[in-house]
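# Observations on chain architecture
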Amino acid sequence: MTKVIPAASRLWYDRVKSCFQGIEMNRNQHGDQVTANCLVQEVVERHPQTIAIFVRHRLQCVGCLIAPYHTIADSAREYALPLELLLNDFNRAIAAG
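Residues numbered from 1 in each chain as written. Predicted model: local features only at pLDDT ≥ 70, side-chain atom pairs only at ≥ 80, totals over all residues. Heavy atoms only, no water.

### Thoughts on the overall build of the protein chain
The condition that has to hold: The way it works is that DSSP assigns letters per residue, a run of H or I at least four long becomes a helix, a run of E at least two long becomes a strand, and they are numbered from the N terminus. Note on classification: 1.4 Å probe, protein chains only; a residue is buried when its accessible area is under 20% of the maximum for its type, exposed when over 50%, partly exposed between these limits. In this analysis, two residues are considered to be in contact whenever any of their non-hydrogen atoms come within 4.5 Å of each other. Each accessible area is a Shrake-Rupley estimate made with a 1.4 Å probe; only the visible protein chains count as cover when residues are assessed.
Secondary structure summary: the protein chain contains five helices and zero strands in total. In sequence order, the secondary structure elements of the protein chain are arranged as α-α-α-α-α. Counting only residues that meet the buried cut, the protein chain has 35% of its 97 residues in that class. Pairs at least 24 apart in sequence give 58% of the contacts found in the protein chain among residues at least 6 apart. Total accessible area computed for the protein chain in this model is approximately 6,300 Å², and 57% of it derives from carbon and sulfur atoms.

Dropping the structure here:
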């Protein structure tokens, strides 16, 4: 019997999978970097120093109920922030430790 996965669950699974693949690929090449497809909650859990970046940009993502499902790109779009600026800030914070 074939199991049917609802479309919303499949979309979430694909986002999580792409985030992990991106992190693993970037970790090997450039250290542990945040990509646009990374989930907000995953970024906060792996890199607590990024919380200050969320606060500085006035993003209410930390502790939000949608954080497990929203990507960094989703948050940038919702708050009308340039994605590249946000990614650069996160990656600088991670590099600084």
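### Observations regarding the packing of aromatic side chains
The criterion, for reference: Centre distance within 6.5 Å is the pairing criterion for rings of Phe, Tyr and Trp, where only the six-membered ring of Trp is used; planes under 30 degrees apart are then read as stacked, over 60 as edge-to-face, and the remainder as tilted.
Across all of its chains, the model carries one aromatic pair by this definition. Ring centres of Phe54 and Phe90 lie 4.8 Å apart, and the angle between their planes is 45°; this geometry places the pair in the tilted category. Remark: Phe90 occurs in helix H5 (residues 83-96) and Phe54 occurs in helix H3 (residues 51-56); sequence separation between them is 36 residues.

### Quick notes on the state of the cysteines
Selection criterion: The disulfide criterion used throughout: a pair of cysteine sulfur atoms within 2.5 Å.
Summed over all chains, the structure comprises zero disulfides. No disulfide involves Cys61; its nearest neighbouring cysteine sulfur is the one of Cys64, lying 6.6 Å away. Its relative accessible area of 32% is what places Cys64 among the partly exposed residues.

### Regarding a nonpolar patch on the surface
So the rule is basically this: Grouping into patches uses exposed residues only, defined as over 30% relative accessible area, and leaves out salt-bridged ones; the cut-off is 9 Å for like charges and 5 Å for nonpolar side chains (Val, Leu, Ile, Met, Phe, Trp, Tyr). Between Lys or Arg on one side and Asp or Glu on the other, a salt bridge is scored when a side-chain nitrogen of the former is within 4 Å of a carboxyl oxygen of the latter.
Together, Ile51, Val55 and Val62 give the surface a local cluster of nonpolar side chains, amounting to about 220 Å² of exposed area. Looking at where Val55 falls in the secondary structure, it is placed in helix H3.

### A word on H5
Rules: Multiplying one less than the number of residues by 1.5 Å gives the expected span of a helix.
Along its 14 residues, H5 runs 20 Å from first to last C-alpha, staying within 8% of the 20 Å computed at 1.5 Å per residue. All of the buried residues along H5 are Leu86, Leu87, Asp89, Phe90, Asn91, Ala93 and Ile94. In this fold, the buried residues of H5 make contact with H3 and helix H4 (72-78). Backbone geometry just downstream of H5 places Gly97 in the positive-phi region, at approximately 90°.

### A look at unusual backbone geometry
The residue Arg58 is not glycine, and still its phi comes out positive at about 60°. With respect to the helices, strands and loops of the structure, Arg58 is situated in the loop between H3 and H4. The residue Ala80 is not glycine, and still its phi comes out positive at about 55°. Of note, Ala80 is situated in the loop between H4 and H5.

### Digging into the nonpolar core
The test is simple: Nine residue types can take part in a nonpolar core, namely buried Ala, Val, Leu, Ile, Met, Phe, Trp, Tyr and Cys, and a core is a set of them joined through side-chain atoms within 4.5 Å.
Residues Val34, Val40, Phe54, Ile72, Leu86 and Phe90 are the most contacted members of the largest nonpolar core, which totals 17 residues. Elements with a contribution of two residues or more to this core: helix H2 (40-46), H3, H4 and H5. Sorting elements by how many residues they give to this core places H5 first, with five residues.

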